[in-house]
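Next come the chains, spelled out residue by residue.
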Amino acid sequence: MKPFFSGKTLQSLIQSEDVTKTERILGYFVGPCLAYMVYNGLAGTYLTQFYTDVLGITGIILTWMPLISKIISSLVGLWIGRMIDKTRTAQGKARPWIFCSGVLLTVCGIGLYAVPRASYGIQIAWVVISYNLFFSLAFSTYSLSHAMMVPLSTRDTKQRDSLAMLSSMAISMLPGALTTVVMPLLVRFIGVGEAARGNWLTVMGCLSVVAIPATLIEYYFTKERVTEELSGRQEQISFAAQIRACFRNKYWLLVIAFTMILHVCNSMSHSSMIYYCNWVLGNSVESGASKQILVNVIGQAPMGYGIALLWPLVRKFGKKKVTIVGFTLAAIGSCVVLFAGNRMIPVLIGLLIRSTGSLPTYVMASYLAEVLDHVEEKDGIRADGFSASINSMTQTVALGLCQGRLSGAVESDSL
């Protein structure tokens, strides 16, 4: 990999020692936004709907496959994180993997929906293999390398905070809108059932291809300043040494635990939204689709303009205070939704409160960057790859748990 990434053609277009406006917009917003639009569109709730409503797959396979696959993905992620940590190129250690991940996401994304018309057993085998290839190999490669970019971009705290907010907006706001606003309309257009299988492959195949320009934009418009600073001075650190350094650092443990809780809550909310809108707020798939669009447009609105509110608050009061107040507000909003039942107006009010309180999720990447600096200060060890792997593991396991639990609940309810 080292000789390949030494040429001028693959050199970063960002050469400044300070983070630039172009870098913020293209490298940390546009590129990740497009990449996560691909991920959310391919692997969100509608993948489960493709399995059930198009392929007709039901039963225990959909209950247990997401959980088992996410465990496999977590273990593979540890290996990928270790490989990234060992990477030494002129373009850094994480960026080369971002470069490679675009093709992987495209090929594996198409594979999710290219299930052959064959016997039930062959289809199940294809689904299991393609599911694991996408999550364990393709998406793990991208998500882990992407997660390292904020910690490796700069040591300037303010610049990191701005990059973390832009990156978090990119991977949540617009991709979420694709999944929850555009996709319901698109699914109604492409249809369900055996006859719609080709439509799903065509639409999702076109979406998969977007991963290539997305990862190239992020690759060319980012720069690993911390890696360059340590170039030639950092020895290969053993995996065991990284584990010891991280697990005896209380701040690292606190950030990881908080991230795990956040991933579980978000995964359950996103995975269940289509069913909540269809069967709680609506009384059919048709009425639920229109309510789902309304819920997400109004309920998620603060996540769009919220960065204009969050940035001055963080600069004035600090991330800690803003996070505590924000997530207290999010809990209150969640309780409002919980007790609102099927009354639309209280649900929307609760979602607005919850979404506003959830704005501090935009700075979570900067928390991880700061605890990695703290680990380095205390033990002289950079644990970027291991920490990104653990962070990804919490996300994949949380998503697997929620998808498995949701599939089981839907299956039980349909009996």
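Rules behind the numbers
- Residues numbered from 1 in each chain as written.
- Predicted model: local features only at pLDDT ≥ 70, side-chain atom pairs only at ≥ 80, totals over all residues.
- Heavy atoms only, no water.
- Helix = DSSP H or I, 4+ residues; strand = E, 2+ residues; numbered from the N terminus.
- Buried < 20%, exposed > 50% of the residue type's maximum accessible area, 1.4 Å probe, protein only.
- Contact = heavy atoms within 4.5 Å.
- Core = buried A, V, L, I, M, F, W, Y, C linked by side-chain atoms within 4.5 Å.
- Salt bridge = Lys/Arg side-chain N within 4 Å of Asp/Glu carboxyl O.
- Phe/Tyr/Trp six-rings, centres within 6.5 Å; stacked < 30°, edge-to-face > 60°.
- pLDDT = per-residue confidence, 0-100.
- Expected span 1.5 Å × (residues − 1).
- Axes fitted to C-alpha atoms, helices over the stretch in contact; angles between N-to-C directions.
- Parallel < 35°, antiparallel > 145°, perpendicular 65-115°, else oblique.
- Left-handed = near helix turned anticlockwise from the far one by under 90°.
- Nonpolar A, V, L, I, M, F, W, Y, C, P; charged D, E, K, R; others polar.
- Patch = residues over 30% accessible without salt bridge, like charges linked within 9 Å, V, L, I, M, F, W, Y side chains within 5 Å.
- Areas by Shrake-Rupley, 256 points an atom, 1.4 Å probe, with all protein chains shown as cover.

A. Spatial organisation of the overall build of the chain. From N to C terminus, the chain includes 18 helices and zero strands. Going through the 415 residues of the chain one by one, you find that 54% of them count as buried. In the chain, the proportion of contacts linking residues at least 24 apart, taken out of those at least 6 apart, comes to 86%.

B. Region of interest: helix 9 (residues 211-220). If you check which residues of helix 9 are buried, you get Ala211, Ala214, Thr215, Glu218, Tyr219 and Tyr220. Tucked inside the fold, the buried residues of helix 9 contact helix 1 (21-43), helix 4 (95-113), helix 5 (120-147), helix 6 (149-153) and helix 8 (197-209).

C. Just the nonpolar core, in detail. Counting 59 residues, the largest nonpolar core has Leu42, Phe50, Tyr51, Tyr113, Phe134 and Trp200 as the members making the most contacts within it. When residues in this core are grouped by element, the largest group, nine residues, is from helix 5. In this view, tryptophan 200 contacts Tyr46, Phe50, Val54, Tyr113, Val187, Ile190, Gly191 and Gly205; residues no more than four positions away in its chain are not counted. Of all hydrophobic cores here, the second largest spans 31 residues; its members include Val255, Leu368, Leu372 and Ala383.

D. Region of interest: the pattern of salt bridges. What the rule picks out here adds up to 14 salt bridges. In this structure, glutamate 229 and arginine 155 form a salt bridge, with 2.9 Å as the shortest nitrogen-oxygen distance. On the criterion of sequence distance, the pair formed by glutamate 229 in helix 10 (residues 225-230) and arginine 155 in the loop between helix 6 and helix 7 (157-190) is long-range, its members being 74 residues apart. The exposure class assigned to glutamate 229 is partly exposed, which follows from its relative accessible area of 38%. Across the pair glutamate 376 and arginine 155 runs a salt bridge whose closest N-O atoms are separated by 3.1 Å. Note that glutamate 376 is positioned in helix 17 (residues 364-379) and arginine 155 in the loop between helix 6 and helix 7, a separation of 221 residues in sequence. Residue class for glutamate 376 comes out buried when judged on its relative accessible area of 17%. One network of salt bridges, in which partners are shared, links Asp85, Lys93, Arg155, Arg160, Glu229, Asp373, Glu376, Arg382 and Asp384.

E. Representation of the packing of aromatic side chains. Considering all chains together, one arrives at 19 aromatic pairs under this definition. Each ring, one from tyrosine 36 and one from tyrosine 39, has its centre 6.0 Å from the other, and the planes form 75 degrees; the classification is edge-to-face. One end of the pair is tyrosine 36 and the other is tyrosine 39, both in helix 1 and three residues apart, which spans about a single turn. For the residue pair tyrosine 36 and tyrosine 39, the accessibility class agrees, reading buried in each case. Between phenylalanine 247 and phenylalanine 386 the ring centres are 6.2 Å apart and the planes differ by 55 degrees, which places this aromatic pair in the tilted class. With phenylalanine 247 in helix 11 (residues 239-247) and phenylalanine 386 in helix 18 (residues 384-414), this pair connects stretches of sequence that are 139 residues apart.

F. Spotlight on the confidence of the model for the chain. Here the chain shows a mean pLDDT of 82. Residues at 70 or above account for 83%. Across the chain, the element-wise mean pLDDT spans from 64 in helix 13 (residues 285-299) up to 96 in helix 9.

G. Spatial organisation of the environment of valine 103. Relative to the helices and strands, valine 103 is located in helix 4. Spatially, the C-alpha atoms of valine 103 and alanine 211 are 7.3 Å apart, while their sequence positions differ by 108 residues.

H. Quick peek at the environment of arginine 117. Mapped onto the elements, arginine 117 comes out in the loop between helix 4 and helix 5. Through-space distance from the C-alpha of arginine 117 to that of arginine 197 is 9.3 Å; in sequence the pair is 80 residues apart. If near-sequence neighbours (up to four positions away) are discounted, arginine 117 is found in contact with Glu194, Arg197 and Gly198.

I. The arrangement of helix 17 in detail. The terminal C-alpha atoms of helix 17 lie 23 Å apart, and with 16 residues this matches the ideal 22 Å at 1.5 Å per residue to within 8%. Looking at helix 17, one finds that the buried residues are Met364, Ser366, Tyr367, Leu368, Ala369, Val371, Leu372, Asp373, Val375 and Glu376. The first or second residue beyond helix 17 is glycine 380, which carries a positive phi of 70 degrees.

J. Quick peek at the environment of leucine 78. Tracing the backbone shows leucine 78 in helix 3 (residues 60-86). Separated by 311 residues in sequence, leucine 78 and serine 389 place their C-alpha atoms 5.2 Å apart.

K. Summary view of the packing of helix 1 against helix 5. Put simply, helix 1 and helix 5 touch, their axes get as near as 12 Å, and they point 155 degrees apart. Judged by the angle between their axes, helix 1 and helix 5 are roughly antiparallel. The element helix 1 and its partner helix 5 pack so that their crossing is left-handed. Contacts between helix 1 and helix 5 involve Pro32, Ala35, Tyr36, Tyr39, Leu42 and Ala43 on the former and, on the latter, Phe134, Phe135, Phe139, Tyr142, Ser143 and His146. When the residues that make up the contact of helix 1 with helix 5 are grouped by side-chain class, the tally is ten nonpolar, two polar and no charged.

L. Quick peek at the side chain of lysine 93. Position of lysine 93 among the secondary structure elements: in the loop between helix 3 and helix 4. Residues within four places of lysine 93 in sequence aside, it is in contact with Ile84, Asp85, Thr87, Leu152, Glu224, Thr227 and Asp384.

M. A look at a nonpolar patch on the surface. Together, Ile60, Trp64, Ile68 and Ile72 make up a nonpolar patch on the protein surface, roughly 420 Å² of accessible area in all. Classification of isoleucine 68 as partly exposed rests on a relative accessible area of 45%.

N. Broad picture of the packing of helix 3 against helix 5. Interhelical geometry of helix 3 versus helix 5 gives an angle of 35 degrees and a closest axis separation of 8 Å. In this structure, helix 3 crosses over helix 5, and the sense of that crossing is right-handed. Of helix 5, the residues touching helix 3 (which contributes Ile61, Met65, Pro66, Ser69, Lys70, Ile72, Ser73, Val76, Gly77, Ile80, Gly81 and Ile84) are Ile124, Val127, Val128, Tyr131, Asn132, Phe135, Ser136, Leu137, Ser140, Thr141, Leu144 and Ser145. Among the residues forming the contact of helix 3 with helix 5, the class breakdown is 14 nonpolar, nine polar and one charged.

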